[in-house]
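# Structural description and commentary
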Amino acid sequence: MKSFYQYLMTERNPKSTEAVAQFANNAFYDQSFPKQSTDYDEISEYLEENASYLPSMTIFDDAWMDFQNSKH
């Protein structure tokens, strides 16, 4: 099963100003990101405590929803 990080990397686009693309670009450079995780709470907690590059948790929630939909 694909991890959230693996899904997020498919959204990377350095030229994009879309919030999820920016999130993906920044997460790519975040060496501590929980790359193997598929657990919402674990990733959410990590981002709240460590991801100064994420201006709003709503961006994560939107990306998480897309991730969940991509699995079906």
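Residues numbered from 1 in each chain as written. Predicted model: local features only at pLDDT ≥ 70, side-chain atom pairs only at ≥ 80, totals over all residues. Heavy atoms only, no water.

Okay, the nonpolar core next. Grouped together as the largest cluster of nonpolar side chains are 19 residues, with contacts concentrated most on Phe4, Leu8, Phe23, Phe33, Leu47 and Phe60. Per-element tally for this core: the top contributor is helix 4 (residues 57-70), with five residues. Contacts of Phe60, omitting those with residues within four sequence positions, involve Phe4, Phe23, Tyr40, Ile43, Ser44, Leu47 and Leu54. (Core = buried A, V, L, I, M, F, W, Y, C linked by side-chain atoms within 4.5 Å. Buried < 20%, exposed > 50% of the residue type's maximum accessible area, 1.4 Å probe, protein only. Helix = DSSP H or I, 4+ residues; strand = E, 2+ residues; numbered from the N terminus. Contact = heavy atoms within 4.5 Å.)

This part takes up the UniProt feature "domain: YozE SAM-like" (unreviewed entry) in the protein. Within this structure's numbering, the places UniProt gives as "domain: YozE SAM-like" (unreviewed entry) are residues 3-69. Counting secondary structure, residues 3-69 comes out at 60% helix and 0% strand; the distance between its end C-alpha atoms is 13 Å. (UniProt positions renumbered as here; feature names shortened; annotations may be inferred.)

Regarding helix 3 (residues 40-50), the residues found buried are Ile43, Ser44, Tyr46 and Leu47. Down the axis of helix 3, the sector holding all buried residues measures 160 degrees, keeping them to one side. Exposed side of helix 3, more than 90 degrees from the buried face: Asp41, Glu48 and Glu49 are the residues found there. Contact partners of the buried residues in helix 3: helix 1 (4-9), helix 2 (19-28) and helix 4. (Arc of directions from axis to C-beta.)

This paragraph deals with the packing of helix 3 against helix 4. Packing of helix 3 against helix 4 brings their axes to within 11 Å, and their N-to-C directions diverge by 155 degrees. Compared by their axis directions, helix 3 and helix 4 come out roughly antiparallel. Crossing angle aside, the handedness with which helix 3 passes helix 4 is right-handed. Between helix 3, through Tyr40, Ile43, Ser44, Leu47 and Glu48, and helix 4, the contact on the second element is made entirely by Met57, Phe60, Asp61 and Trp64. (Axes fitted to C-alpha atoms, helices over the stretch in contact; angles between N-to-C directions. Parallel < 35°, antiparallel > 145°, perpendicular 65-115°, else oblique. Left-handed = near helix turned anticlockwise from the far one by under 90°.)

Before going further, it helps to spend a moment on a negative patch on the surface. On the surface, a cluster of negative charge is made up of Asp39, Asp41, Glu42, Glu45, Glu48 and Glu49. One can find Asp39 in the loop between helix 2 and helix 3. (Patch = residues over 30% accessible without salt bridge, like charges linked within 9 Å, V, L, I, M, F, W, Y side chains within 5 Å. Areas by Shrake-Rupley, 256 points an atom, 1.4 Å probe, with all protein chains shown as cover. Salt bridge = Lys/Arg side-chain N within 4 Å of Asp/Glu carboxyl O. Lys, Arg positive; Asp, Glu negative; His and termini not counted. Charge placed at Lys NZ, Arg CZ, Asp CG, Glu CD.)

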